Amino acid sequence: MNQNETPLFTGLLEHAKKNPIQFHIPGHKKGTGIDPEFREFIGNNALSIDLINIGPLDDLHHPHGIIQKAQKLAAEAFGADHTFFSVQGTSGAIMTMIMSVCKPGDKIIVPRNVHKSIMSAIIFSGATPIFIHPVIDKNLGISHGITTDAVRKALKAHPDAKGLLVINPTYFGIAANLKEIVDIAHSYNVPVLVDEAHGVHIHFHEDLPMSAMQAGADMAATSVHKLGGSMTQSSILNVKEGLISAKHVQTIISMLTTTSTSYILLASLDCARRQLATRGKELIDKAIRLAESTRKQINEIPYLYCAGKEILGTKATYDYDPTKLIISVKDLGMTGYEAEIWLRENYNIEVELSDLYNILCIITIGDTERETEILVKALRDLSESRRSSSKETKAIEVHVPAIPRLALSPRDAFYAETEVVPIEESIGRISAEFIMVYPPGIPILIPGEIITKENIDYAKENLEVGLPVQGPEDESLNHLRVIKEFSPIK
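These lines cover the structure that appears in this document, whether it is placed above or below. Fair warning: this is a prediction, and the values are worked out from it, not measured in the lab. (Residues numbered from 1 in each chain as written. Predicted model: local features only at pLDDT ≥ 70, side-chain atom pairs only at ≥ 80, totals over all residues. Heavy atoms only, no water.)

### Quick look at the overall build of the protein
Along the protein, the regular secondary structure elements total 15 helices and 20 strands. Radius of gyration (C-alpha) of the protein: 24 Å, near the 23 Å computed for a compact globule of 490 residues. Each of the three principal axes of the protein carries a C-alpha extent, and together these read 65 × 65 × 50 Å. Excluding contacts between residues fewer than 6 apart, the proportion of contacts in the protein whose partners are at least 24 apart in sequence is 73%. (Helix = DSSP H or I, 4+ residues; strand = E, 2+ residues; numbered from the N terminus. Rg over C-alpha atoms; globule rule 2.2 N^0.38 Å. Contact = heavy atoms within 4.5 Å.)

Here it is in structure tokens:
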């Protein structure tokens, strides 16, 4: 196939040029009915292709024309047998993966440091999660991936699992030995589902970790919008036939997808695929060089540390994506959130995320030396201002709480009879809510887990420093919803 083609985007442009009289939605009718200020900002070009699934433009729920061709081009580019476009983000693609292999009561093996969309899919499907504990980096205070040893152990104990889910790479860019994990799972005839939200670019450069399709995984939910140049909320789901039926996947993704699909998002996927397939290596190569140069400069700044190749070599750190800059600020005696605020207020810099110990900055094909030079200058000033302040700088000690014990399936806990209790009285009870810091959206507690003081204290610590703790109905975390306990009848 010709990867220079963009059948979906080109088809939209040709339709817009005909300027048909529209008696269909959207109601703004090429922008004439939209708020004038918004129209002036967005522009007539974008509004002219904000269309709906009329005959000439194909239908994402039953593709047979320009969408079908665009998806086939994407499948070829990513080495998949089938590719499905998602306008529900990667969360929608992840839910499709899990619900394609699991029904109520089925087991699925997952790392505990999963995104909330995975836990939501487990609740929707009624599956029972078999958790693999990820390896914790006690220097950085972050979770890495799962090891091949842990996968072997989990599959030996649960050979009847309907799927194994792997995060590759993690939010912080760390990759497992995915090829070996896939081989182990396939020896049990268990399909491998990959959360590849942060790895769309890795398929297109040999110096980056192996992609899901290269490793022979059965499905991969991949965020094109995060690092691949498409518009926010647009992602893809790649599928290899064999253990997975692409027709069944089409049924599930259609059930989870709006019937009013955004053609602007779909067109951006089509064009991002073209750019990655035809110029990806060249553009990503530039991003890698820029990131490595920036990492070297950051590591020359006193009290800052930007992780690099030296963290590799363990079973949990098989490979990494150098375009992710994990910058530890704990030796400055400040939290990552405080550093995020300082960079915003003093240099108008926005980082990808912050936690108690780090900030994460990502370098993509859209960055230049201009931006990274400002980042390095800002970090130098941050280090200098902290060291010259009258307050003594004391390094922060890294600590990460133990993973709670699952006492009830997430679905049973979610639908159980519940009550709200003061947070102090929730210790030892079963949680009916999620508690997570977003980003990255990895739960501290999920429905069905036994609440511990250690996890509540950790959640409060994040809340007190200003990090975005989400999930509980009571955002102040003074109360928590738990599974109701009934007294025995005497």
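### So, the packing of aromatic side chains
Applying the stated criterion to the full structure yields four aromatic pairs. Between F78 and F204, the aromatic rings sit 5.1 Å apart at their centres with planes inclined by 80°, giving edge-to-face as the arrangement. In this pair, F78 sits in helix 4 (residues 66-78) while F204 sits in the loop between strand 8 (192-196) and strand 9 (219-222), placing the two residues 126 residues apart along the sequence. Take F78 and F204: they sit in the same class, and that class is buried. Plain terms: the ring middles of Y171 and F172 are 6.3 Å apart, the flat faces sit at 45° to each other, and that makes the pair tilted. (Phe/Tyr/Trp six-rings, centres within 6.5 Å; stacked < 30°, edge-to-face > 60°. Buried < 20%, exposed > 50% of the residue type's maximum accessible area, 1.4 Å probe, protein only.)

### Some words on the pairing of strand 13 (residues 324-328)
In terms of burial, strand 13 is a largely internal element, five of the five residues being buried. The alternating pattern of strand 13 places K324, I326 and S328 and L325 and I327 on opposite faces, both of which are buried. Both strand 11 (residues 305-306) and strand 13 contribute to a ladder of two bridges, which runs antiparallel. Residue pairing for strand 13: C306 is matched across the bridge by I327. (Pairing = 2+ DSSP bridges.)

### Digging into the sheet that holds strand 14 (residues 353-354)
Where strands meet in a sheet, backbone hydrogen bonds hold them as pairs that are either parallel or antiparallel. An order of 11-13-15-14 is seen for the four strands of this open sheet, with the pairing classed as antiparallel. Lying at the two open borders of the sheet, with one neighbouring strand each, are strand 11 and strand 14. Sheet analysis places strand 13 next to strand 15 (residues 358-362), joined by five bridges and oriented antiparallel. What sits directly across from I326, in strand 15, is L360. Lying over the sheet, helix 12 (residues 336-347) contacts strand 14 and strand 15, oriented at roughly 50° with respect to strand 15. (Axes fitted to C-alpha atoms, helices over the stretch in contact; angles between N-to-C directions.)

### Some remarks on the packing of helix 5 (residues 89-101) against helix 10 (residues 246-256)
Where helix 5 contacts helix 10, the two axes come as close as 9 Å, and the packing angle between them is 130°. By the angle between their axes, helix 5 is oblique relative to helix 10. The two elements helix 5 and helix 10 cross, and the hand of that crossing is right-handed. Residues G92, M95, T96, M99 and S100 of helix 5 pack against H248, V249, I252, I253 and L256 of helix 10. Partitioning the contact of helix 5 with helix 10 into residue classes produces six nonpolar, four polar and no charged. (Parallel < 35°, antiparallel > 145°, perpendicular 65-115°, else oblique. Left-handed = near helix turned anticlockwise from the far one by under 90°. Nonpolar A, V, L, I, M, F, W, Y, C, P; charged D, E, K, R; others polar.)

### Observations concerning the environment of I146
Structurally, I146 is set in the loop between strand 5 (142-143) and helix 7 (148-157). Considering only alpha carbons, one finds I146 and A175, 29 residues apart in sequence, at a separation of 9.0 Å. When near neighbours in sequence (up to four residues on either side) are disregarded, I146 contacts P111, I132, V151, L165, V166, A176, I181 and K315.

### Things to note about a nonpolar patch on the surface
Taken together, F38, F41 and I42 make up a surface patch of nonpolar side chains, about 350 Å² in accessible area. Counting through the fold element by element, I42 comes out in helix 2 (residues 36-42). (Patch = residues over 30% accessible without salt bridge, like charges linked within 9 Å, V, L, I, M, F, W, Y side chains within 5 Å. Areas by Shrake-Rupley, 256 points an atom, 1.4 Å probe, with all protein chains shown as cover. Salt bridge = Lys/Arg side-chain N within 4 Å of Asp/Glu carboxyl O.)

### A word on the side chain of S328
As for its placement among the helices and strands, S328 is situated in strand 13. Judged by its relative accessible area of 5%, S328 falls in the buried class. Beyond its immediate chain neighbours, meaning those up to four positions away, S328 contacts L140, Y303, L304, Y305, Y357 and N358.

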